[in-house]
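Given next are the chains, with one letter for each unit.
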Amino acid sequence: MTPQKSPRLDRKLVADTALRLLDEVGLDGLTLRAIAAELDVKAPALYWHFKDKQALLDEMATEMMRRMNSAGEPPAGDWREAYRAAMHGLRAQLLRYRDGARVYSGARFTDTSYAAGLDAGLRLLVDAGFTLTAAARAWYTGYSYTIGYTVEQQAMGPNPFVGEAGYDLEARAERLAAHPLAAAAGLVMFGDFDEGYAQGLEAILVGIDTWRTGRA
């Protein structure tokens, strides 16, 4: 049976509702049936707008991107500062949503709202002396690092949406007592995600600067 379009629904309403429900149930608990119940419609009504859950996740990620774009100016100024600001800004936006980085990872955006910010970031790097190839790789390296790091943080760290404390580092250290370096490393890896992210990003900046100067 062909799904019937509901006059009450549009893609933005469904995506907004899904993002709000995401904070309550997490990505694993987010189903089209749950979203339909939240909207007080039958689940088939959603299939008029989204053929499956992945299509909805793509729209959710796109809506996240739109909100990011409305929250700040495109990168400008010194390329290092702008690069830091862009990546820290992306991470901050992903952390606004429960499992936000998992939703964002691998998404295929449904419009071109991302293009202006990407173009501005690449232009800044090209103007600083990067080739377009080096600029694209530099931007995607930081982008991928940010999403991957945030996926791990949201899986392992404290969960502010449900009040979970996160990884029990003392229990981890006890399990790894026979491996003292691995045991001690837990506090570094899982103890302060903000500091860990910032230090990793600085390492990336050092690396990509070699592409700009031609040392690598």
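Residues numbered from 1 in each chain as written. Predicted model: local features only at pLDDT ≥ 70, side-chain atom pairs only at ≥ 80, totals over all residues. Heavy atoms only, no water.

### Some remarks on the pattern of salt bridges
- Applying the stated criterion across every chain yields a total of 17 salt bridges.
- Of the charged contacts, one joins Asp 16 and Arg 67 as a salt bridge, the two residues approaching to 2.9 Å between their closest N and O atoms. A residue pair is termed long-range when its members are at least 10 positions apart, and Asp 16 in helix 1 (residues 11–29) and Arg 67 in helix 3 (residues 53–71) qualify at 51 residues.
- Exposure remark for Asp 16: the relative accessible area of 23% places this residue in the partly exposed category.
- As a salt-bridge pair, Arg 91 and Asp 194 come within 2.6 Å of each other at their nearest N and O atoms. (Salt bridge = Lys/Arg side-chain N within 4 Å of Asp/Glu carboxyl O. Helix = DSSP H or I, 4+ residues; strand = E, 2+ residues; numbered from the N terminus. Buried < 20%, exposed > 50% of the residue type's maximum accessible area, 1.4 Å probe, protein only.)

### Notes on unusual backbone geometry
- Residue Asp 40 is not a glycine yet carries a positive backbone phi of 60°.
- Tracing the sequence through the fold places Asp 40 in the loop between helix 2 (32–39) and helix 3.
- Located in the positive-phi region is Asp 99, a residue other than glycine, with phi close to 60°.
- Inspection of the secondary structure puts Asp 99 in the loop between helix 4 (79–94) and helix 5 (100–104).

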